Amino acid sequence: MIRLINSVYFWLLMTLPFSILDLAPITAGSNLATAFDNSRRLAIQAETSGYNRVWLAEHHGMHAVASSATAVVLGHIASATTNIRIGSGGVMLPNHSPLVIAEQFGTLATLFPDRVDLGLGRAPGTDMATARALRRNLNTDVDSYPDDIRELQHYLSTPQTGQKIVAIPGADTHIPLWLLGSSLYSAQLAAKLGLPYSFASHFAPDQLFDAISLYRTNFQKSIQSIEPYVMAGVMVVVADTDEEAEYLFTSVQQQFINLRRGLNRAFAKPVDDLSQICTDDDLAMLSHTLRYAAVGSKQSVTEKLSQFIAATEVDELIVSMPIHDIDARIKSVELLADTGLMSVF
């Protein structure tokens, strides 16, 4: 009996919310319309399977990513679902006026009440030439990012008497903000502002533990959050066998190799032998950058994610499923939900 109670207690400790990070991949041999339809199908399955959120990421000028107009794609996702939370993972705030983001996400929050998250980042999400075409200016320094966040919070809050600039829609929506990042800077800022924090360990793992520790140690409670809340990103590919999952995973491995070589291409089809198209240096880079990826059968993925959850003590996982074939991607979403690690919503 004691052993049974301990097993149940351990299971409850290990169970936590899972969410989906979607880049609306434009797959090789396909097109933009199919990418958006695939994102819709993925979100429907995520809701059916009990995931907490579906977030879309802002990237620009990338032949493999369709979610550049993030708020628009989120409307597409929200209209196809009923209860699952939707949000940005994230909006790159330096690319935009805070007022414009308040209006866009205020519109979403009005159309889909109590379902919208607004995750923010400070990277350009593109090359510098495209960044120049996007931004109102490139002369701001790093100190403008905290100011932009506060300005955005101001627009989403209850308007004050005599307030000259009001976000319509946006005002009085109180959309929850998240800070996203892969550095100690973002962790420290999230702690100072009292906001939930999501670390990009799915592609930039080096400072994961230092960032989580810094965030939790320095967290200051705010109107939005009274205690720290950490979400971490992990790439996950689940299939019937380890071999099949590793084959499917070669698509995103090729994408990282292409990025390293400065090649802007659609999301690649998987290959049987990755070593035939890359160097030893490429393989070393992949092993380092994607070291937290959970790839394999349900059993293999359960073991790896359990270790990650226990080591980080995160409050939530957000998983990216970089799989070329949409049916295999949806199956991976289902299989991950079946591992028993996920709190079902």
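Cut-offs and rules
- Residues numbered from 1 in each chain as written.
- Predicted model: local features only at pLDDT ≥ 70, side-chain atom pairs only at ≥ 80, totals over all residues.
- Heavy atoms only, no water.
- Helix = DSSP H or I, 4+ residues; strand = E, 2+ residues; numbered from the N terminus.
- Expected span 1.5 Å × (residues − 1).
- Buried < 20%, exposed > 50% of the residue type's maximum accessible area, 1.4 Å probe, protein only.
- Arc of directions from axis to C-beta.
- Contact = heavy atoms within 4.5 Å.
- Salt bridge = Lys/Arg side-chain N within 4 Å of Asp/Glu carboxyl O.
- Pairing = 2+ DSSP bridges.
- Phe/Tyr/Trp six-rings, centres within 6.5 Å; stacked < 30°, edge-to-face > 60°.
- Lys NZ or Arg CZ within 6 Å of the ring centre and 35° of its normal.
- Axes fitted to C-alpha atoms, helices over the stretch in contact; angles between N-to-C directions.
- Parallel < 35°, antiparallel > 145°, perpendicular 65-115°, else oblique.
- Left-handed = near helix turned anticlockwise from the far one by under 90°.
- Nonpolar A, V, L, I, M, F, W, Y, C, P; charged D, E, K, R; others polar.
- Polar contact = N/O pair within 3.5 Å; in protein donor to acceptor, adjacent residues only side chain to side chain.

### Some thoughts on helix 4 (residues 98-111)
Here helix 4 contains 14 residues, and its C-alpha end-to-end distance of 20 Å stays within 8% of the 20 Å for a straight helix at 1.5 Å per residue. Those residues of helix 4 lying buried are Pro98, Ile101, Ala102, Phe105, Gly106, Leu108 and Ala109. Taken down its axis, helix 4 places every buried residue within 160° of arc, on the same side. Helix 4 presents Thr110 and Leu111 as exposed residues on the side facing more than 90 degrees away from its buried surface. Each element contacted by the buried residues of helix 4 is listed here: helix 3 (70-80), strand 3 (85-92), strand 4 (116-121) and helix 6 (144-156).

### Digging into the pattern of salt bridges
Scanning the model with the defined rule gives 10 salt bridges in all. The residue Asp117 makes a salt bridge to Arg85 at a minimum N-O spacing of 2.8 Å. Of the two residues, Asp117 sits in strand 4 while Arg85 sits in strand 3, which places them 32 residues apart along the sequence. Residue Asp117 is classed as buried on the basis of its relative accessible area, which comes to 1%.

### Here's the deal with the pairing of strand 9 (residues 316-320)
The buried fraction of strand 9 is high, at five of five residues. Of the two faces of strand 9, the one holding Glu316, Ile318 and Ser320 and the one holding Leu317 and Val319 are both buried throughout. Taken together, the four bridges between strand 1 (residues 16-22) and strand 9 define a ladder with parallel strand orientation. In the sheet register, Leu21 faces strand 9, and the bridge partner there is Ser320. Examined bridge by bridge, strand 7 (residues 230-238) and strand 9 share five bridges and lie parallel to one another. In the sheet register, Met231 faces strand 9, and the bridge partner there is Glu316.

### So, the packing of aromatic side chains
Taken as a whole and judged by the stated rule, the model has six aromatic pairs. Taking the centre distance of 5.7 Å and the plane angle of 85° together, the rings of Trp178 and Tyr229 count as edge-to-face. You can see Trp178 sitting in strand 5 (residues 177-181) and its partner Tyr229 sitting in the loop between helix 8 (208-218) and strand 7, a full 51 residues away along the chain. Using a relative accessible area of 4% as the deciding quantity, one classes Trp178 as buried. With 5.4 Å between their ring centres and 40° between their planes, Tyr197 and Tyr215 make a pair best called tilted. With Tyr197 in strand 6 (residues 197-199) and Tyr215 in helix 8, this pair connects stretches of sequence that are 18 residues apart. The residues Tyr197 and Tyr215 share a single accessibility class, namely buried. Here the basic side chain of Arg122 rests over the ring of Tyr185, its NZ or CZ set 3.9 Å away from the ring centre.

### Looking at the environment of Ala245
Within the fold, Ala245 resides in helix 9 (residues 242-260). Beyond its immediate chain neighbours, meaning those up to four positions away, Ala245 contacts Val237, Ala239, Val295 and Gly296.

### Quick word on the packing of helix 4 against helix 6
Packed helices, taken two at a time, are described by their axes: the angle between them and the distance between them. Helix 6 packs onto helix 4 with a crossing angle of 40° between their chain directions and a minimal axis gap of 9 Å. On the basis of the axis angle, helix 4 is oblique to helix 6. Taken as a pair, helix 4 and helix 6 cross one another with a handedness that is right-handed. Between helix 4 and helix 6, the residues in contact are Pro98, Leu99, Ile101 and Ala102 and Asp148, Glu151, Leu152, Tyr155 and Leu156, respectively. When grouped by side-chain class, the residues that make up the contact of helix 4 with helix 6 number seven nonpolar, no polar and two charged.

### A few points about the environment of Tyr155
Of note, Tyr155 is situated in helix 6. Along the primary structure Tyr155 and Gly106 are separated by 49 residues, whereas in three dimensions their C-alpha atoms are 9.4 Å apart. Apart from the residues within four sequence positions on either side, Tyr155 is in contact with Pro98, Leu99, Ala102, Ile165, Ala167, Gly170 and Ala171. Within the local environment of Tyr155, its side chain forms a polar contact with the side chain of Glu151, the two groups lying 2.8 Å apart.

### As for unusual backbone geometry
Gly89 connects to Gly90 through a cis peptide bond whose omega is 5°. Among the secondary structure elements, Gly90 is positioned in strand 3. Of the consecutive residues Ile168 and Pro169, the connecting peptide bond is found in the cis state with omega at -5°. Turning to its location among the elements, Pro169 is positioned in the loop between helix 6 and strand 5. Unusually for a residue other than glycine, Glu313 sits at a positive phi of about 55°. Here Glu313 is to be found in the loop between helix 11 (298-312) and strand 9.

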